[in-house]
Amino acid sequence: TCGGSLRRPRSYSYFPLETVPMEYTAEVTGIGVGTSEDGSNVPAVLLAAREEYLPIVITADQARAIQLGLSGEPFERPLTHDLLVEMLTEFGGAVDGIRIDDLADGTFYAKVDVERYDDGEARKFVFDARPSDAIALAVRVDCPITVSDAVLDRAGRDEDEFEPERIDDFDDER
């Protein structure tokens, strides 16, 4: 202060950024293929969030389930994820969104947020899921996919690390 006595600053409460979880909406970019240490193809679902990619390694079956959901192709008989959506809907529920919210020891963890109405009252449920199953559900019901800041900080990759032609198509030939 000009020429006056120094005043003691006010104390403010604040929360460090680490305690405020941030989530980013993600979009499924496609199924990519990486190469393992032994030279074999390794499929990964690629999510785009926070201007970077999040590759999640999955099996060929999981890749096919996500890819079929993205294509929107109808089938004579429902596949597993389609059946789950149909059953959930029949029982008055709906998938509100999925969250990829943890990464521990190289394993991603996800949650499926579901809502069901009983007598006009909304009841919310949260189910643990493999990210591949959660994403396969999300692409079928067109619900939001969110990824936590912590997961992106640890596993997000720059777009330059990926070859575009390998993102668009997955071929599970070995």
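Residues numbered from 1 in each chain as written. Predicted model: local features only at pLDDT ≥ 70, side-chain atom pairs only at ≥ 80, totals over all residues. Heavy atoms only, no water.

Q: Looking at this model, I keep getting lost on the pairing of strand β1 (residues 23-35). Mind explaining?
A: Regular strands show a simple pattern: their side chains alternate between the two faces of the sheet. Bridge count for β1 against strand β7 (residues 145-148) is four bridges, and the pairing is antiparallel. Residue pairing in the sheet places E23 in a bridge with S148 of β7. Here β1 runs beside strand β2 (residues 41-49); their pairing, made up of eight bridges, is antiparallel. By the bridge assignment, G30 is partnered in β2 with L46. Hairpin connection, β1 to β2: the antiparallel pair is bridged by five residues, and G39 has positive phi, about 90°. (Pairing = 2+ DSSP bridges. Helix = DSSP H or I, 4+ residues; strand = E, 2+ residues; numbered from the N terminus.)

Q: Can you help me understand the nonpolar core in this one?
A: The nonpolar side chains of a soluble globular protein tend to be buried with one another. In this structure, L47, L54, I56, I98, I100 and I135 are the most contacted members of the largest nonpolar core, which totals 32 residues. It is helix α3 (residues 131-141) that provides the largest number of residues to this core, a total of six residues. Contacts of I135, omitting those with residues within four sequence positions, involve V28, V45, L47, I56, I66, I98 and I100. (Core = buried A, V, L, I, M, F, W, Y, C linked by side-chain atoms within 4.5 Å. Buried < 20%, exposed > 50% of the residue type's maximum accessible area, 1.4 Å probe, protein only. Contact = heavy atoms within 4.5 Å.)

Q: What is the right way to read the side chain of R140 from this model?
A: Here R140 is to be found in helix α3. By relative accessible area, R140 is classed as buried at 19%. Engagement of the side chain of R140 in a polar contact is seen with the backbone oxygen of A136, the distance being 2.9 Å. Excluding residues within four positions of it along the chain, R140 makes contact with A65, L68, G69, L79, H81 and D82. (Polar contact = N/O pair within 3.5 Å; in protein donor to acceptor, adjacent residues only side chain to side chain.)

Q: How should the sheet that holds strand β6 (residues 121-129) be read in this particular structure?
A: Strand pairing in a sheet relies on backbone hydrogen bonds, with the paired strands running either antiparallel or parallel. Spatially, the seven strands line up as an open sheet ordered β3-β2-β1-β7-β4-β5-β6, and their pairing is mixed. The sheet terminates laterally at β3 (52-57) and β6, the two strands that pair on one side only. Between one strand axis and the next, the sheet turns through 35° on average, direction left out of account. Sheet analysis places strand β4 (residues 93-104) next to strand β5 (residues 107-118), joined by ten bridges and oriented antiparallel. Bridged to I100 within β5 is A110. (Axes fitted to C-alpha atoms, helices over the stretch in contact; angles between N-to-C directions.)

Q: In this structure, what is going on with the side chain of H81? I would like to understand it.
A: With respect to the helices, strands and loops of the structure, H81 is situated in helix α2 (residues 80-90). For H81, the side chain forms a polar contact with the side chain of D133, separated by 2.9 Å.

Q: Hey, could you run me through a nonpolar patch on the surface in this one?
A: Taken together, L83, M87 and F91 make up a surface patch of nonpolar side chains, about 320 Å² in accessible area. Position of L83 among the secondary structure elements: in helix α2. In this structure L83 comes out as partly exposed when scored by relative accessible area, which is 38%. (Patch = residues over 30% accessible without salt bridge, like charges linked within 9 Å, V, L, I, M, F, W, Y side chains within 5 Å. Areas by Shrake-Rupley, 256 points an atom, 1.4 Å probe, with all protein chains shown as cover. Salt bridge = Lys/Arg side-chain N within 4 Å of Asp/Glu carboxyl O.)

Q: It is not clear to me how the layout of surface pockets should be interpreted in this structure. Could you clarify?
A: A water-sized probe rolled over the atoms picks out the places where empty space is left. Looking at the second largest pocket, its volume works out to about 240 Å³. If you list the elements that add at least two residues to the lining of the second largest pocket, you get α2, β4, β5, β6 and α3. The dominant element in the lining of the second largest pocket, judged by the number of residues it contributes, is β6, at four residues. Class assignment for the residues of the lining of the second largest pocket results in twelve nonpolar, one polar and three charged. (1 Å grid on protein atoms, 1.4 Å probe; cavity = no way out; pocket = protein on both sides within 12 Å on 5 of 7 lines; lining within 4 Å. Points joined across faces, edges and corners; volume = space filled by probe spheres on them. Nonpolar A, V, L, I, M, F, W, Y, C, P; charged D, E, K, R; others polar.)

Q: So what exactly am I meant to see when it comes to unusual backbone geometry here?
A: Most peptide bonds take the trans form, and the phi angle of most residues other than glycine is negative. Positioned with a positive phi, E51 is a non-glycine residue whose angle comes to about 60°. With respect to the helices and strands, the residue E51 is situated in the loop between β2 and β3. A positive phi angle, close to 50°, is found at D105, a residue other than glycine. Tracing the backbone through its elements, the reader meets D105 in the loop between β4 and β5. The exposed category is assigned to D105, whose relative accessible area is 81%.

Q: Looking at this model, I keep getting lost on the pattern of salt bridges. Mind explaining?
A: Pairing between side chains of opposite charge can happen when the charged atoms of each approach one another. Tallying each qualifying case throughout the model produces twelve salt bridges. With its nearest N and O atoms 2.4 Å apart, the salt bridge here joins D149 to R50. Taken together, the positions of D149 in helix α4 (residues 149-155) and R50 in the loop between β2 and β3 put the pair 99 residues apart, joining distant regions of the chain. Overall, the relative accessible area of 28% leaves R50 in the partly exposed class. Where E115 meets K124, a salt bridge forms, and the shortest distance between an N and an O atom there is 2.6 Å.

These figures come from the coordinates and say nothing about function on their own.
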